[in-house]
Amino acid sequence: MVLAFAGVSVAGMAQSETPELKYSVATNSFWSNWFISADVAYEAFYSYQENGKGFAKSPLKDFRRNLGASVAIGKWFTPGLGLRTKVTGIWGRAVVSEDAETNAIKFWNAQEQVLFNLSNLFCGYSETRVWNLIPYAGVGILRNCSENVYAHSASIGLLNTWKLSKKVALNLDLGFNILDDEIGGAGFHNSEKALTNGDYAHNIASADRYFAAEVGLTFNLGKGTWNKVPDVDAINALHQSQLDALNAQLADANAEAERLNNLLKNHKCPEGKTITVKEVTTAPVSVFFNIGKSKIASRKDLQNVKALTEAAADKNFVVTGYADSKTGSASFNQSLSQKRAEAVADELVKMGVSRDKIEIVAKGGVNDLTPISYNRRATVEIK
């Protein structure tokens, strides 16, 4: 239910970050995103054997509480979903009396747990996020080493982590464990009285259980971060712009050849004279940007711009900036298109074009090209 809700809870966002890019990350290798953790645990036990004895329920009572420890190893398969194998235990209490020494046992509880990082599921993955809220649920086996008793165990809990560095995080783990058997002695599943009295359902509801509050550290192994999915639309737009430029150059060359052929056919030059015709014709050259950005996405786009400035060194240029109209407000897109045009104009100046020969136009958000990402650009053309 949590995963389904997270999948449909995508709020509208400005052009600076679309839902597709915000919630998408590139798949890491199997050996990435592993972690180990070690915690000190405070545990409070509630035994089926105490039913009807009126013991105080406070988890702070000596006959209930004990200290323990836990270790876990796990892996995040996505920023929101992970698995860990966790072993908890050392000292516990089988609450059969109000005497702490009588209740003392040694135990271990090994479980496989599923982790849901709600911070990443609802807010999108962020490498710089400090606090992560991670509910979990798990099943496993518990053994009372003092009595040589085994029981199936199940748990739910809430893991909080605070990032201390790229490799280390502080943990606060609050968990609840329930057992299908008594950890203090003979199991009620095997109790003839429980079965003959028809009290099986009551015993399930009254199964042994314990609460745990754990504090410790998590250590990330290998690569512990996720890379954002590349802006495929921008990459496709870049390739398309290069193809468009080549097609435009070919069309211009064909047109120029046709014009020269017509000139030769219809014009008789005086003998001994040579006529040289030089004319620059070109389609607008596009420079593309990533979503919400005014930094040029690929410096390769500037190669076509450089070729244009060299072929038309004495010409004036118009630089026109655009943003896509599907994301972001009109005022944001207008400002963004202005910044994109200015960024390309700055590159023209670096190429030797005088600033007074450059006209800047900002078109704001448009929907001229398909897909929409092709509109995240600035064009350079001869005035």
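Residues numbered from 1 in each chain as written. Predicted model: local features only at pLDDT ≥ 70, side-chain atom pairs only at ≥ 80, totals over all residues. Heavy atoms only, no water.

1. A look at the overall build of the protein chain
Applicable threshold: Numbering of helices and strands runs from the N terminus, with a helix taken as a DSSP run of H or I at least four residues long and a strand as a DSSP run of E at least two residues long. Whether a residue is buried, partly exposed or exposed follows from its accessible area with a 1.4 Å probe, protein chains only, as a fraction of its type maximum: under 20%, in between, or over 50%, in that order. Accessibility throughout is a Shrake-Rupley quantity obtained with a 1.4 Å probe, and a residue counts as covered only by protein chains that appear here.
Helix and strand counts for the protein chain come out as 9 helices and 12 strands. Looking at the protein chain residue by residue over its 383 residues, the buried ones come to 39%. For the protein chain, the computed accessible surface area is about 20600 Å², with 59% contributed by carbon and sulfur atoms.

2. Focus on a nonpolar patch on the surface
As a reminder of what qualifies: Patch rule: a residue counts if its relative accessible area is over 30% and it has no salt bridge; like charges are joined within 9 Å, and nonpolar side chains (Val, Leu, Ile, Met, Phe, Trp, Tyr) within 5 Å. Any carboxyl oxygen of Asp or Glu that lies within 4 Å of a side-chain nitrogen of Lys or Arg is treated as forming a salt bridge with it.
A grouping of Ile36, Ile73, Val130, Trp131, Trp162, Leu164, Leu170, Val215, Leu217, Phe219 and Leu221 is seen on the molecular surface, where their side chains present a nonpolar patch of about 900 Å² in accessible area. Leu164 gets classed as exposed once you look at its relative accessible area, which sits at 56%.

3. Concerning the sheet that holds strand S10 (residues 317–324)
To keep it simple, the criterion reads: Criterion used throughout: strands pair if DSSP finds at least two bridges between them. Note on geometry: axes are C-alpha line fits, over the in-contact stretch for helices, and angles between N-to-C directions span 0 to 180 degrees.
If you walk across this open sheet you meet the 4 strands as S9-S12-S10-S11, and the pairing is mixed. Where the open sheet ends on each side, the last strands, each with one partner, are strand S9 (285–288) and strand S11 (358–366). Adjacent strand axes in the sheet meet at a mean angle of 20° when their direction is disregarded.

4. Observations regarding the packing of aromatic side chains
This is how it is decided: Here a Phe, Tyr or Trp ring, Trp counted by its six-membered ring, pairs with any other such ring whose centre lies within 6.5 Å, and the pair is stacked when the planes are under 30 degrees apart, edge-to-face when over 60, and tilted otherwise.
Tallied over the full model, the rule gives 11 aromatic pairs. Ring centres of Phe45 and Phe107 lie 5.6 Å apart, and the angle between their planes is 90°; on these two criteria the pair is classed as edge-to-face. With Phe45 in strand S1 (residues 34–46) and Phe107 in strand S4 (residues 104–116), this pair connects stretches of sequence that are 62 residues apart. Assessed through its relative accessible area of 2%, Phe45 is described here as buried. Each ring, one from Tyr46 and one from Phe211, has its centre 5.9 Å from the other, and the planes form 90°; the classification is edge-to-face. A residue pair is termed long-range when its members are at least 10 positions apart, and Tyr46 in strand S1 and Phe211 in strand S8 (residues 209–221) qualify at 165 residues. Grouping aromatic residues by their ring pairs yields a cluster made of Phe30, Trp31 and Trp34.

5. Some points on the confidence of the model for the protein chain
Here is the rule we go by: The predictor's confidence in any single residue is recorded as pLDDT, a number from 0 to 100. Only heavy atoms matter for contacts: two residues are in contact if any of them lie within 4.5 Å across the pair.
When pLDDT is averaged along the protein chain, the result is 83; 80% of the residues meet or exceed 70. The weakest mean pLDDT in the protein chain belongs to helix H5 (residues 192–196) at 37; the strongest belongs to S1 at 97. Confidence drops under a pLDDT of 50 for residues 1–21, and excluding neighbours within four residues, the segment shows 37 contacts in the predicted structure.

6. Examining helix H8 (residues 301–311)
To keep it simple, the criterion reads: Working note: the arc is built from the helix axis to C-beta atom directions.
For H8, every residue scored as buried is listed here: Asp301, Leu302, Val305, Leu308 and Thr309. Around the axis of H8, the buried residues are gathered within 110° of arc, so they sit on the same side. Away from the buried face of H8 by more than 90 degrees, exposed residues Gln303 and Glu310 are located.

7. Focus: the pattern of salt bridges
In the structure shown here, the tally under the stated rule is 13 salt bridges. The residue Lys86 makes a salt bridge to Asp173 at a minimum N-O spacing of 3.0 Å. Taken together, the residues span a long stretch of sequence, with Lys86 in strand S3 (residues 81–93) and Asp173 in strand S7 (residues 168–179) at a distance of 87 residues. You can call Asp173 buried: its relative accessible area is 0%. Among the ionic pairs, Arg259 bridges to Glu256, the shortest N-O distance being 3.0 Å. Of this pair, Arg259 and Glu256 both sit in helix H7 (residues 232–266), separated by 3 residues, roughly a single helical turn.

8. Side note on the environment of Gly140
Tracing the backbone through its elements, the reader meets Gly140 in strand S5 (residues 131–144). In this structure the C-alpha to C-alpha distance between Gly140 and Val87, which are 53 residues apart in sequence, comes to 9.5 Å. Once residues lying within four places of it in the same chain are set aside, the contact partners of Gly140 are Ala110, Gln111, Ala151, His152 and Ser153.

9. Observations concerning the sheet that holds S3
On the basis of which strands lie adjacent, the closed barrel formed by 8 strands has the order S1-S2-S3-S4-S5-S6-S7-S8 and antiparallel pairing. When the angles between neighbouring strand axes are averaged without regard to direction, this sheet yields 25°. As paired strands, S1 and S8 are joined by 13 bridges and run antiparallel to one another. The residue bridging Ser37 from the neighbouring strand is Thr218, located in S8.

10. A short note on the side chain of Arg377
We count it as follows: Working convention for charge: Lys and Arg count positive, Asp and Glu count negative, and His plus the chain ends are omitted. Under this definition, polar contacts are N or O atom pairs within 3.5 Å; protein pairs additionally need one hydrogen-donor-capable and one acceptor-capable atom, and for neighbouring residues in sequence, both atoms have to be side-chain atoms.
Within the element layout of this structure, Arg377 appears in strand S12 (residues 377–382). Buried and unpaired, Arg377 has no salt bridge, with Asp368 as the nearest side chain of opposite charge at 5.4 Å. One polar contact links Arg377 to Ser286, side chain to side chain, over a distance of 2.9 Å. If we skip the residues at most four places from it in the chain, Arg377 touches Ser286, Val287, Phe288, Phe289, Thr320, Gly321, Tyr322, Arg340 and Leu369.

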